[in-house]
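As a plain string of letters, each chain reads:
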Amino acid sequence: MVNRRYLFIEGAKDTTNGDLREGFGKLLEKKIKGKMPRISMGEGKLQTINKFKNSNDSKLLCDLDRHSSYIATDLNEYDLNSKKESVFYMIQEMEAWFISQPTLLDKFYGSQISNKLAIKPATEVSEPDKELQRITKDTKKGTYHKIRHGAELLKLLDVNKLSNDFPDFKRLVECLQYSTDANRGTVLNSK
């Protein structure tokens, strides 16, 4: 029997306002052919990390909540150095991914909200969730909601652009593609 691979993601399990697990699944399916890993949502960073540490053949996707220069600090703080090749960051928060695709935000919210974004790379926005709340407060869909809107926006992201803009996302996809294909005994071209 083959062990089922897991991807532990920091985020809410509660699906009352939307299903983040489904959103991440739809996003990853765009690139990962074959058997998807089982996605397990944690209820916060520490719980997600503990689940990850107590599993085999798993990956961890979490928020860094600060600039990418703090990755080494985060790995030390949570005692993840021995598994660092299996740890991937959304940088500050997943909302940085949404901010990196302003046309998607305009289309989703039905207005030119991207004009209100600060002119800097999404990876440099220190609190992307608050930035999205600020620019969406007067839209027809209402103020950005982390679960309800986040789950829907994940499904709509351009996965190729995301891979180009966020090295850890690209690395995660390549790692999942390789391990999925390795289970079948062949090598997958990551393009």
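Residues numbered from 1 in each chain as written. Predicted model: local features only at pLDDT ≥ 70, side-chain atom pairs only at ≥ 80, totals over all residues. Heavy atoms only, no water.

Structural notes on the pattern of salt bridges
Logical step 1: Counted according to the given criterion, the structure contains nine salt bridges.
Logical step 2: A salt bridge links Arg 66 to Glu 77; the shortest N-O distance between them is 3.3 Å. Taken together, the residues Arg 66 in the loop between strand S3 (58-62) and helix H3 (71-77) and Glu 77 in helix H3 connect sequence positions 11 residues apart.
Logical step 3: Of the residues examined, Glu 77 reaches a relative accessible area of 49% and is grouped as partly exposed.
Logical step 4: Here Arg 171 and Asp 168 are joined by a salt bridge, their closest N and O atoms 3.3 Å apart. Of this pair, Arg 171 and Asp 168 both sit in helix H9 (residues 167-184), three residues apart, which is roughly one turn of that helix.
Logical step 5: Residue class for Asp 168 comes out buried when judged on its relative accessible area of 15%. (Salt bridge = Lys/Arg side-chain N within 4 Å of Asp/Glu carboxyl O. Helix = DSSP H or I, 4+ residues; strand = E, 2+ residues; numbered from the N terminus. Buried < 20%, exposed > 50% of the residue type's maximum accessible area, 1.4 Å probe, protein only.)

Details of the packing of helix H5 (residues 102-109) against helix H7 (residues 148-156)
Logical step 1: Two numbers describe how H5 lies on H7: the axes approach to 11 Å, and their chain directions differ by 125°. What the angle tells us is that H5 and H7 run oblique. Once H5 is placed against H7, the crossing between them reads as right-handed. In this structure, H5 uses Leu 104, Leu 105, Phe 108 and Tyr 109 to contact H7, whose residues at the interface are His 149, Glu 152, Leu 153 and Leu 156.
Logical step 2: Of the residues that constitute the contact of H5 with H7, the class distribution is six nonpolar, one polar and one charged. (Axes fitted to C-alpha atoms, helices over the stretch in contact; angles between N-to-C directions. Parallel < 35°, antiparallel > 145°, perpendicular 65-115°, else oblique. Left-handed = near helix turned anticlockwise from the far one by under 90°. Contact = heavy atoms within 4.5 Å. Nonpolar A, V, L, I, M, F, W, Y, C, P; charged D, E, K, R; others polar.)

Structural notes on the nonpolar core
Logical step 1: Counting residues in each nonpolar core, the largest one holds 42 residues, and the members touching the most others are Phe 24, Leu 28, Leu 61, Trp 97, Phe 98, Leu 154 and Phe 169.
Logical step 2: The residues contacting Leu 61, other than those within four sequence positions of it, are Leu 7, Phe 8, Ile 9, Glu 10, Phe 24, Phe 88, Tyr 89, Met 90, Trp 97 and Leu 172.
Logical step 3: Formed by 10 residues, the second largest nonpolar core is a distinct cluster that contains Phe 52, Cys 62, Leu 64 and Tyr 89. (Core = buried A, V, L, I, M, F, W, Y, C linked by side-chain atoms within 4.5 Å.)

A look at the layout of surface pockets
Logical step 1: Considered as a void within the structure, the largest pocket measures approximately 160 Å³ in volume.
Logical step 2: Lining the largest pocket are 16 residues, with Ile 99, Ser 100, Lys 120, Pro 121 and Ala 122 positioned closest to its centre.
Logical step 3: Split into classes, the residues belonging to the lining of the largest pocket amount to nine nonpolar, three polar and four charged. (1 Å grid on protein atoms, 1.4 Å probe; cavity = no way out; pocket = protein on both sides within 12 Å on 5 of 7 lines; lining within 4 Å. Points joined across faces, edges and corners; volume = space filled by probe spheres on them.)

Some details on the side chain of Ser 114
Logical step 1: As for its position among the elements, Ser 114 is in the loop between H5 and helix H6 (128-136).
Logical step 2: For Ser 114, a relative accessible area of 19% puts it in the buried group.
Logical step 3: Dropping the residues within four chain positions of it, Ser 114 is found in contact with Pro 102 and Asp 106.

Some points on unusual backbone geometry
Logical step 1: Non-glycine residue Asp 57 carries a positive phi angle of around 50°.
Logical step 2: Structurally, Asp 57 can be placed in the loop between helix H2 (45-53) and S3.
Logical step 3: Overall, Asp 57 belongs to the partly exposed group, its relative accessible area being 39%.
Logical step 4: The phi dihedral of Asp 79 is positive, around 55°, even though this residue is not glycine.
Logical step 5: Note on placement: Asp 79 falls in the loop between H3 and strand S4 (87-89).
Logical step 6: For Asp 79, a relative accessible area of 57% gives the class exposed.

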